[in-house]
Each structure stands twice: as structure tokens, then as C-alpha cells.
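Descriptive analysis of the structure
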Amino acid sequence: MSIESRLENLKKEIQECCKNCGRDPKEVRLIAVSKTQPLEALREALMSGHRIFGENYVQEWLQKWEQLENAQPEWHFIGPLQTNKVRKLIGKVEMIHSLDRLSLLSEISRQAELHQIQQKVLIQVNVASEESKSGISEQELFPLVEATLKSPGVVLCGLMTMPPFVEEAEENRNHFRKLKNIFDEVRRKFFNNELRGSFSELSMGTSQDFQVAIEEGATLVRVGTQVFGPRE
Ligand SMILES: *Cc1c(COP(=O)(O)O)cnc(C)c1O
């Protein structure tokens, strides 16, 4: 199947899913995760009208960024991020989904100020409490939120999670629900419970479980394999 028809099917599925759980489809955006995929695959997606891409590896993404500069897609950086690579992203990506520590926050804010912009970020939370996964623990989240709100170079737009690989999508429902609860708590505590403020994004759900994530409140779903086929 072509990337164009995969995207079309996927967007229909997302709409259907929103309808079934009483959500407005405009609240849910699809990030096509293009890590390890060749430039041609991204071009095909762009040609079909899709503009939002997610990438994990700074060097690989930079090459794509250069090649696709004229098309100006909306880039989301979703992978673990080393502090010394931050300067390569600032001003070029719409949003960084993987803020998970103070040292990274300081560098993002510092670089953004140098560029005289405000970088949109999501804090990645390790809701499944897995040793091996990246993301900040629930216990450490509030201090990081506070620090983010005090950093002039960043805008905190929401939360992100990447739960474990599971056989059944249902197995991740608890993790998504947990992130939504934490999100609501942060909104109450730090954002006066604003419903339409800057703190409004929940980035969760991949090819294996985006429907469940949407049912639990996702506003950004990150789908790779179902758009581009299996990765090398
Ligand atoms: C690779 C990746 C995805 C996409 O996973 P698929 O199973 O290919 O849909 C989503 N989020 C993150 C953080 C990823 O690294």
C-alpha cells in the first residue's frame, strides 16, 4: 500500500475513533514518525498533503531538515535528547517532546534565548516506572514543571509518554489514563485549570495503541510503522 493511502486510512481511523468516543477530531493531530525512513518516504507523505513529522536522532533529522527545507514541514523531536545537541534543534523544530531533566531544560532555555525565540516543549513522564525507559518519574515531575515555568526560553505545552511495547493495546490504557490524570493535576495546580491555555497537549499513542490513547485523551499521536511500514 502507498504511504498516501496508509495516511488516508489512518486519518479516517482517527476520525472514526474520535467520533466513537465523543471527541472533536480537530483536537487530535497525527505525527508521522519518520525516524530511519528514507527521504523519499517523507517526500511521498508531503506530496499527499501531510506536514507533521516526528524524528528521534539529531544527525539523521538534520540531513532531512536540510533536504526538505523548502517544504518546511512541522518537525517534532520525540527521541531522547543529549544536552550538547540541543543547539542544533532550536529554531528548527516546532516542539521537543522529550524534556525529562533540569540540565536539559536549562540548555533549551539558554539556546532559545540566544535565538530570541520561545521553544515549545512537552515533559516526558515515565508513567510505567520502567528502569530502562526515559522520562521523568511522577515524584520528580512537579519540580521540573515549576522550573520550566520559570525558564524564559521555553513554553510548556503539555506532557508526553512512551509506554512499553505490549501485545495488546488495552494493556497500555492504564498508562495513558495515568498520564491524563497527571496532566489534569498539573493544569489545576500550575495553570488555574485553563482549558484552552498553552498547556493543552497530551502526546501519547503509537501504531500499536493510538486508538486507546485517543480514547484516553491524546491530542498528539505518534505513528510510524502504520504510516511508513516497518523500519530497517
Ligand atoms: C518510534 C517511535 C514512535 C512510533 O512508533 P511506531 O510503533 O512505529 O508507530 C512513537 N514515539 C516514539 C517516542 C518513538 O520513538
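Residues numbered from 1 in each chain as written. Predicted model: local features only at pLDDT ≥ 70, side-chain atom pairs only at ≥ 80, totals over all residues. Heavy atoms only, no water.

**A few points about unusual backbone geometry**
Residue glutamine 72 is not a glycine yet carries a positive backbone phi of 45 degrees. Within the secondary structure, glutamine 72 sits in the loop between helix H3 (58-67) and strand S3 (74-77). Overall, glutamine 72 belongs to the exposed group, its relative accessible area being 59%. One non-glycine residue with positive phi stands out, namely asparagine 193, at about 65 degrees. Tracing the backbone shows asparagine 193 in the loop between helix H7 (173-190) and strand S7 (201-203). What makes asparagine 193 partly exposed here is its relative accessible area of 39%. (Helix = DSSP H or I, 4+ residues; strand = E, 2+ residues; numbered from the N terminus. Buried < 20%, exposed > 50% of the residue type's maximum accessible area, 1.4 Å probe, protein only.)

**Re the nonpolar core**
If you look at the biggest cluster of nonpolar residues, it comprises 63 residues, and the most contacted ones within it are Ile14, Ile96, Ile108, Ile123, Leu141, Leu159 and Val221. Among the elements that line this core, the one with the most residues is helix H1 (residues 3-20), at six residues. Beyond its immediate chain neighbours, meaning those up to four positions away, leucine 159 contacts Leu122, Ile123, Val125, Leu141, Leu179, Ile182, Phe183, Phe199, Glu201, Leu202 and Ser203. Among the nonpolar cores identified, the runner-up in size contains seven residues, and Ile31, Met95, Met160 and Leu220 belong to it. (Core = buried A, V, L, I, M, F, W, Y, C linked by side-chain atoms within 4.5 Å. Contact = heavy atoms within 4.5 Å.)

**Details of the pattern of salt bridges**
If the charged atoms of two oppositely charged side chains come close together, the side chains can form a pair. For the structure shown, the criterion picks out 17 salt bridges. The salt bridge partner of glutamate 74 is arginine 29, with a shortest N-O separation of 3.2 Å. In this pair, glutamate 74 sits in strand S3 while arginine 29 sits in strand S1 (residues 29-33), placing the two residues 45 residues apart along the sequence. Accessibility expressed as a relative area gives 27% for arginine 29, which makes it partly exposed. Notably, a salt bridge pairs glutamate 216 with arginine 177, separated by 2.9 Å at the nearest N-O pair. (Salt bridge = Lys/Arg side-chain N within 4 Å of Asp/Glu carboxyl O.)

**With respect to the site of the ligand**
Around the ligand sit 13 residues, and of these Lys35, Asn56, Ser207, Thr225 and Arg231 come closest. Interatomic distance of 2.8 Å between a side-chain N/O atom of arginine 231 and an oxygen atom of the ligand. (Near = heavy atom within 4 Å. Polar contact = N/O pair within 3.5 Å; in protein donor to acceptor, adjacent residues only side chain to side chain.)

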